Amino acid sequence: MSWQSTSVPRAGAATAPQSYAPVSLGEIKELAGVGRPTVSNWRRRHSKELLHGTNDSRRPFPDPIPGVGSESKPLFDAAEIADWLDLRAVPDTEPDDEGRLPTYGDRFRRALRLRGLVALKHRLGSAETVVSQALAVIAMSAEGKDWIPEYLPQELLAEYEGADPDLIRAAHELMDEIGAPGWAADALLGLDDEGLEIARRLESDLVMDVTPREVVALVAALIGPNEGGPGQRSTISLCAGLGELLLGMGGGPYEGLRGHGELVAVEPDPLLRKLLRYRLLSYEAGSVDVCASPSELDTPRAWNQAPVEAHAFSRADIVLADPPYVSGERERDIEGPLWWAEEAVRRLEPGGRAYVVVPAWTLTRTSGTGPASVPTPTVGARQALLARGCVETVVQLPRRIHPFRTGAEYALLVLRPPSAAPGSVLLVDADRIAQRAGGKAEEWIDRVVRLTRPGAVPEPDDDGPAEEKADDRPRDARRVHVHPSGRAGEQLLDNRSVLPAHRLAAPEARVDHVDETLAARRAVAATLPHLRDWVVDMNIGRRDPHTPIRHRKLDVLLKAGQLRLLGGHRVKEDDIGEAGLPVVGREEMLGELPVGARCIAPEDLAAYPSAKVTELGDVLLLAEHGVRCLVDTAGGCVLLSPVQGLRITAYREHVWDVARGGSVRPDALWMRPHSLARLLQAPRNQHRGSGSLVRRVSVRDMDLPQLPPEEIAELEAILAETERLRAEARAQLEALDRLAERVSAGAADGGLALRRQ
């Protein structure tokens, strides 16, 4: 029995053109998106009397509907207004693919349709009902009419037959205007620019969890187009949502599905599962089966709605997943975000690839350092994926990529079947690439895809960081071993963050440090001639490239006890005054307030027993939007969050030895305060930030060069002297500023007489 032979009427078979309620001048202004004076000018300058009197052939502004409204508030026929506005193109707009400029009539009709949908929402009770019924009409108009009813989704016929007549008319008008059922479905679901406005007017939250378009485009580019011919790739989409990743494969919706092998989607949410079926039908892709849980993939059944021999579809060449999780959500649940990554790996055919979107926090959590510390399910799943060699690439996605979750960060995992030799993982910081590309999606996506090609990023060198071996290697991507390799090679299974921003060092590209330093020295000698001898005596030379300097993470130095981290504290504003111990917060670190302008009395500080007080030589740092450091040359300061401190544990004993007059060798300290402060602020540490709203640099993921103590002592001497000279220069500038201020103030008030000597 064919679909046409049934007694079910085809939607839209008896639909009439939509009739809208009359509109006032104020409503014309709102619906056309112009000001009230513009509408008044249109009506006055295009009145029948004026145009006929001047023999103007232009179409006059429509007359009010007689007998409706009043003289002070006339009402107009909405269809006539729309036709008249079609004659007026919107200025400063680009033509469409057919060369036609958008008109105010387009805006007016779109706004009328939105207003009609909002009215239907109030009539039908919810935005979900409006969207579901309209999608049912669109699905039946697209592919459903050609299906045997027994093989259509269960709820489709019922919703189609029970759809509101006005809603049926609105759905068909939407299809007629947009041009295709699939595009109309996307507009209703809020998956395009016009659809976002529809979702906003309907107050629909269906778009809150959709996969961002840039992520869909990136995954499609990584998958690549179909090659054609037999043996096409099969695909499973886990947590399919509304099917953005599935329909986006290899190009636009549905185009990416042509030539693919078996396709199946898994969506646990009943509403999304139903809407996904309708959307697939609207794109004439109703043969894609939709399951409620991954366990159904292991159950033999007749797939693709066809009466064939039952079989199980448990594995595929491509597996997609975008679990709808935000920061910290379900971190300790067994079925958290990385559970879906493990499930994706389990569903892979040999040689297949999985593309899973995960919150960035899943890559930054650690399991603690104590002997009895137990990793959370999220950390355990990440370590298992790495140890089994399942992670091929980690792409840190650009900040604010999700339009409705601006405070959340995301990453894309490219996964492969388990391997006995995990080898290395490619880390790509797409956020850094997107910043340089000005946010242009095509540019940063193309760059990321090129970095993932074989040979684009060399394997890690066991003798040192790859970025230090060759200046032409990529700065935004690096391969890192999973297990320890070589003498001091970095590894991913070291209980630290594996987020690319935290792992990728960023040395200055194409910079000859010797030339730059010599140029800076010449500039100082020319600007401050009295420092010429001191500057020239600096012993600066080029390091032997065959003996590169190794770097160690601060996390390692903190665990070894060579450094101690001092956390900032939150202090009530009422407890901060003008006397007591100086407090150092964000304002002091940014130079907005001098150190000492804000203080806290010792008796008030007693209410905060965990507050940290600094010692001489502590390095204070603010790791927001870069790294700013300050050396405490006196001690006794209270740190306010988010300011932190680093203490060189051996420095106190060193100071005591110097104070007692003991003989101190130059190699007595492995690190010194001014050297530590400046090395932390080096460009390679400045770009390790993460976070969508506030870019914070992880202190534990910064690194320091392992310089000989003699070089550290020399560096400290240079930096300490430059700091002293800077203090003198600041005092001179402040004195000059004070002089200029008082002279101008005295002259302005008439209290000074300025005479040339």
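Residues numbered from 1 in each chain as written. Predicted model: local features only at pLDDT ≥ 70, side-chain atom pairs only at ≥ 80, totals over all residues. Heavy atoms only, no water.

**A short note on the packing of aromatic side chains**
Item 1. Within the structure shown, the criterion is met by five aromatic pairs.
Item 2. An angle of 65° between the planes, with centres 5.7 Å apart, marks the rings of W42 and W84 as edge-to-face. Here W42, found in helix α2 (residues 36-45), pairs with W84, found in helix α4 (residues 78-85); they are 42 residues apart in sequence, far enough to count as distant.
Item 3. Given a relative accessible area of 7%, W42 falls into the buried group.
Item 4. Of the residues examined, W84 reaches a relative accessible area of 1% and is grouped as buried.
Item 5. Residues W339 and W340 carry aromatic rings whose centres are separated by 4.9 Å and whose planes lie at 90° to one another, so their mutual orientation is edge-to-face.
Item 6. Site record: aromatic cluster; members linked through ring pairs are W42, F61, F76, W84 and Y104. (Phe/Tyr/Trp six-rings, centres within 6.5 Å; stacked < 30°, edge-to-face > 60°. Helix = DSSP H or I, 4+ residues; strand = E, 2+ residues; numbered from the N terminus. Buried < 20%, exposed > 50% of the residue type's maximum accessible area, 1.4 Å probe, protein only.)

**Some details on helix α5 (residues 104-124)**
Item 1. The end-to-end C-alpha distance of α5 is 30 Å, a good match for the 30 Å that 21 residues give at a rise of 1.5 Å each.
Item 2. Regarding α5, the residues found buried are Y104, G105, D106, F108, A111, L112, R113, L114, L117, V118, L120 and K121.
Item 3. Looking one or two residues beyond α5, the residue adopting positive phi is G125, at roughly 110°. (Expected span 1.5 Å × (residues − 1).)

**Side note on the packing of helix α11 (residues 213-223) against helix α18 (residues 441-451)**
Item 1. Put simply, α11 and α18 touch, their axes get as near as 10 Å, and they point 35° apart. α11 and α18 meet at a crossing whose hand is right-handed. Between α11 and α18, the residues in contact are E214, A217, L218, A221 and L222 and A441, W444, I445, V448 and V449, respectively.
Item 2. The residue makeup of the contact of α11 with α18, split by class, is nine nonpolar, no polar and one charged. (Axes fitted to C-alpha atoms, helices over the stretch in contact; angles between N-to-C directions. Left-handed = near helix turned anticlockwise from the far one by under 90°. Contact = heavy atoms within 4.5 Å. Nonpolar A, V, L, I, M, F, W, Y, C, P; charged D, E, K, R; others polar.)

**Comments concerning the side chain of E244**
Item 1. Tracing the sequence through the fold places E244 in helix α12 (residues 244-247).
Item 2. Put simply, E244 is tucked away with no salt bridge, and the nearest opposite charge, on R279, sits 4.7 Å away.
Item 3. Those residues in contact with E244 that sit more than four places away from it in its chain are D209, V210, T211, V216 and R279. (Lys, Arg positive; Asp, Glu negative; His and termini not counted. Salt bridge = Lys/Arg side-chain N within 4 Å of Asp/Glu carboxyl O.)

**Focus on the sheet that holds strand β10 (residues 424-429)**
Item 1. A sheet is described by the order of its strands in space; here nine strands give the open sequence β5-β4-β3-β6-β7-β9-β8-β10-β11, paired in mixed fashion. Each of the sheet's edge strands pairs with one partner strand only, and the pair in question is β5 (289-291) and β11 (477-481). Averaged over all pairs of adjacent strands, the angle between strand axes in this sheet comes to 15°, irrespective of strand direction.
Item 2. Two elements, β10 and β11, share five bridges in a ladder whose sense is antiparallel. (Pairing = 2+ DSSP bridges.)

**Examining the pattern of salt bridges**
For side chains bearing opposite charge, pairing can occur when the charged atoms are close.
Item 1. Tallying each qualifying case throughout the model produces 38 salt bridges.
Item 2. A salt bridge links D186 to R279, with the shortest nitrogen-to-oxygen separation between them at 2.8 Å. Remark: R279 occurs in helix α13 (residues 270-282) and D186 occurs in helix α9 (residues 181-189); sequence separation between them is 93 residues.
Item 3. The exposure class assigned to D186 is buried, which follows from its relative accessible area of 8%.
Item 4. Accessibility expressed as a relative area gives 4% for R279, which makes it buried.
Item 5. Connected via shared salt-bridge partners are R123, D164, D166 and R169.

**Focus on unusual backbone geometry**
Item 1. For the peptide bond that leads from S641 to P642, omega is 15°, which places it in the cis range.
Item 2. A positive phi angle, near 45°, is found at C239, a position not held by glycine.
Item 3. For C239, the location among the structural elements is in the loop between β3 (235-238) and α12.
Item 4. The exposure class assigned to C239 is buried, which follows from its relative accessible area of 9%.

**Here we look at the sheet that holds strand β16 (residues 599-600)**
Hydrogen bonds between backbone atoms are what pair the strands of a sheet, whose relative direction is either parallel or antiparallel.
Item 1. A sheet is described by the order of its strands in space; here four strands give the open sequence β14-β16-β15-β19, paired in mixed fashion. Here the strands that pair on one side only, and so sit at the sheet edges, are β14 (576-577) and β19 (638-639).
Item 2. Two elements, strand β15 (residues 581-584) and β16, share two bridges in a ladder whose sense is antiparallel. Within the sheet, the bridge partner assigned to P582 lies in β16 and is C599.

**A few points about the nonpolar core**
Item 1. Within the largest apolar cluster, 43 residues are counted, with the highest numbers of intra-cluster contacts made by L218, Y355, L412 and W444.
Item 2. Here this core gets six residues from one element, more than from any other, and that element is α11.
Item 3. Ignoring sequence-local partners within four residues, the contact set of L218 consists of V395, L397, L412, W444, I445, V448 and V449.
Item 4. One finds A411, L415, L492 and L499 within the second-largest nonpolar core, a separate group that totals 40 residues. (Core = buried A, V, L, I, M, F, W, Y, C linked by side-chain atoms within 4.5 Å.)

Spatial relationships are all this shows, so hold off on functional conclusions.
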